[in-house]
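Chain residues, written in single-letter form:
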Amino acid sequence: MTASIRWDDLDKKAFFLQATGFIFAIDVLLYPFDLLTTRLQADRFMDHRGIKIFPMLKDILRREGLPGIFRGFWLNTAASFPGQLIYYVGYEYSVSMIGRYLNVFAHDSPGTHAAAGAIAEAMSAVSYLPCDIVSQRLQCHNKYSFLPKRLQMSSAFIVTRHIWRSEGVKGFFRGFWPYMAVYGPGSAVWWAVYEGAKSAYAVNIDRNHTLMNHITSGSMAGVISCLLTNPLDVARTRLQLLEFDNVRERRTLQTGFLKMLTNIVKQEGYRGLYKGIRVRMLIRAPG
């Protein structure tokens, strides 16, 4: 089996350039599904059984035009470049440091990859979370359509100004711990499954680590991490979309993340925790 490439082995310039191209390509291809995921998770009333993904995207395209399915795209991409570069660099560097300085984990053990994935997620959240909060508001802008035109959340500037005036800096980091509760374990599971599946595939099927190995292992990891974290992601999305200057929603916000989870189960059943799961898989598996 071929030895794994680690931080010290990487050509850093090539790594950064290729990662940049990768991030932009993934964002362009998968962003409409991300927008649809947010809208489905934010919905409290619709029964999602039988929902067809591509007809829904087609309907958004018909009603809102091409800008509709890419609403918030440039902001999301602006966050993705530093956020995901921090993430991948943080992951590779953490794997290297854990293997070098801690004897608790073997260099290629599932524990090493899980720990490195969680660390990388915490590092990238500082860059990604503020833009994620703003882009989610843009993705669900129809929620505000009953307001006068001048008050509708129609641009990143208007959303940013609104959050700043109502909550200040902390408004851009609302839901940090729920975010970590979703993406920390999700990232840990993803890397542990991916690296484990890749090694098993190499031992039993493909000793040369070909493209099919990475595709199969990555898709498997994406599906498993989705299934485990979707309930937390639904609650996180709902929490981040609450309006601080709305008295009722502010009270809901103050009750916290766990209360949001229990309310979803009470009002929508356990199915409510898996809203948007199919669309998330369409993002995570190929991504």
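Residues numbered from 1 in each chain as written. Predicted model: local features only at pLDDT ≥ 70, side-chain atom pairs only at ≥ 80, totals over all residues. Heavy atoms only, no water.

**Brief notes about the overall build of the protein chain**
Defined as follows: Helix numbering and strand numbering both begin at the N terminus, where a helix is a DSSP run of H or I of at least 4 residues and a strand a DSSP run of E of at least 2. Buried, partly exposed and exposed residues are distinguished by accessible area as a fraction of the type maximum, computed with a 1.4 Å probe on protein chains only: under 20%, between the cut-offs, and over 50%, respectively.
Across its full length, the protein chain holds 10 helices and 0 strands. Starting at the N terminus and walking to the C terminus, you meet the elements of the protein chain as α-α-α-α-α-α-α-α-α-α. Taken over 287 residues, the protein chain has a buried fraction of 48%.

**A word on a nonpolar patch on the surface**
Our working definition: The patches described consist of residues with a relative accessible area above 30% and no salt bridge, like charges being joined within 9 Å and nonpolar side chains (Val, Leu, Ile, Met, Phe, Trp, Tyr) within 5 Å. Residue burial considers only the protein chains on display, and all accessible areas are found by Shrake-Rupley using a 1.4 Å probe. Salt bridge, as used here, is a side-chain nitrogen of Lys or Arg placed within 4 Å of a carboxyl oxygen of Asp or Glu.
A contiguous nonpolar patch, built from Val126, Trp164, Val169 and Phe173 and spanning about 400 Å² of accessible area, is present on the exposed surface. Among the residues examined, Val126 registers a relative accessible area of 52% and is labelled exposed.

**Description of the pattern of salt bridges**
All told, the structure shown has 12 salt bridges when counted by the stated rule. Among the ionic pairs, Asp233 bridges to Arg236, the shortest N-O distance being 2.9 Å. With a gap of 3 residues between them, Asp233 and Arg236 both fall in helix H7 (residues 211-241), about one helical turn apart. An identical accessibility class is assigned to Asp233 and Arg236; each is buried. Three or more residues joined by partner-sharing salt bridges are found here, namely Arg39, Asp59, Arg62, Arg63, Glu64 and Arg71.

**Focus on the environment of Ile119**
The test is simple: Two residues qualify as a contact provided that any one of their heavy atoms is within 4.5 Å of a heavy atom in the partner residue.
Here Ile119 shows up in helix H4 (residues 110-139). Sequence separation between Ile119 and Tyr91 is 28 residues, and the spatial gap between their C-alpha atoms is 7.1 Å. Setting aside residues up to four positions removed in sequence, Ile119 forms contacts with Ser94 and Ile98.

**Examining the packing of aromatic side chains**
The following threshold applies: Note on aromatic contacts: the rings of Phe and Tyr and the six-membered ring of Trp form a pair at centre separations within 6.5 Å, being stacked when their planes are under 30 degrees apart, edge-to-face when over 60 apart, and tilted otherwise.
According to the stated counting rule, one finds 12 aromatic pairs in the structure shown. Here Tyr31 and Phe70 contribute two aromatic rings whose centre-to-centre distance is 6.3 Å and whose plane-to-plane angle is 10°, an arrangement assigned as stacked. Taken as a pair, Tyr31 in helix H1 (residues 12-42) and Phe70 in the loop between helix H2 (53-69) and helix H3 (73-101) lie far apart in primary sequence, 39 residues in all.

**Details of the environment of Asn213**
Looking at the secondary structure, you find Asn213 in helix H7. Taking relative accessible area as the criterion, Asn213 reaches 0% and is therefore assigned buried. A C-alpha to C-alpha distance of 9.6 Å links Asn213 and Ala200, two positions 13 residues apart in sequence.

**Looking at the confidence of the model for the protein chain**
Quick note on the threshold: Per-residue confidence from the prediction method is given by pLDDT, with values spanning 0 to 100.
With 86% of its residues at a pLDDT of 70 or more, the protein chain has an overall mean of 79. Within the protein chain, helix H9 (residues 257-268) carries the highest mean pLDDT (88), whereas helix H6 (residues 176-204) carries the lowest (78). Counting interchain partners and residues more than four positions distant, the pLDDT-below-50 stretch residues 144-148 has 7 contacts.

**Digging into the side chain of Gln41**
As a reminder of what qualifies: For this analysis, a polar contact is any N or O atom pair within 3.5 Å, provided that within protein one partner can donate a hydrogen and the other can accept it, and provided that sequence-adjacent residues contribute only side-chain to side-chain pairs.
The residue Gln41 is located in helix H1 in this model. At a separation of 2.8 Å, a polar atom in the side chain of Gln41 contacts the side chain of Thr237. When near neighbours in sequence (up to four residues on either side) are disregarded, Gln41 contacts Asn230, Asp233, Val234, Thr237, Arg238, Lys275 and Arg280.

**Some details on the nonpolar core**
What counts, and what does not: Definition used in this section: a nonpolar core is a set of buried Ala, Val, Leu, Ile, Met, Phe, Trp, Tyr and Cys residues joined via side-chain atoms within 4.5 Å.
Membership of the largest hydrophobic core comes to 14 residues, with the highest contact counts inside it found for Phe33, Leu36, Leu40, Ile53, Leu57, Ile60 and Val279. For this core, the secondary structure elements donating two or more residues are H1, H2 and helix H10 (277-284). Broken down by element, the residue count for this core peaks at 6 residues, all from H1. Dropping the residues within four chain positions of it, Val279 is found in contact with Phe33, Leu36, Thr37, Leu40 and Ile53. Residues Ala125, Leu129, Val159 and Ile163 belong to the second largest nonpolar core, which totals 12 residues.

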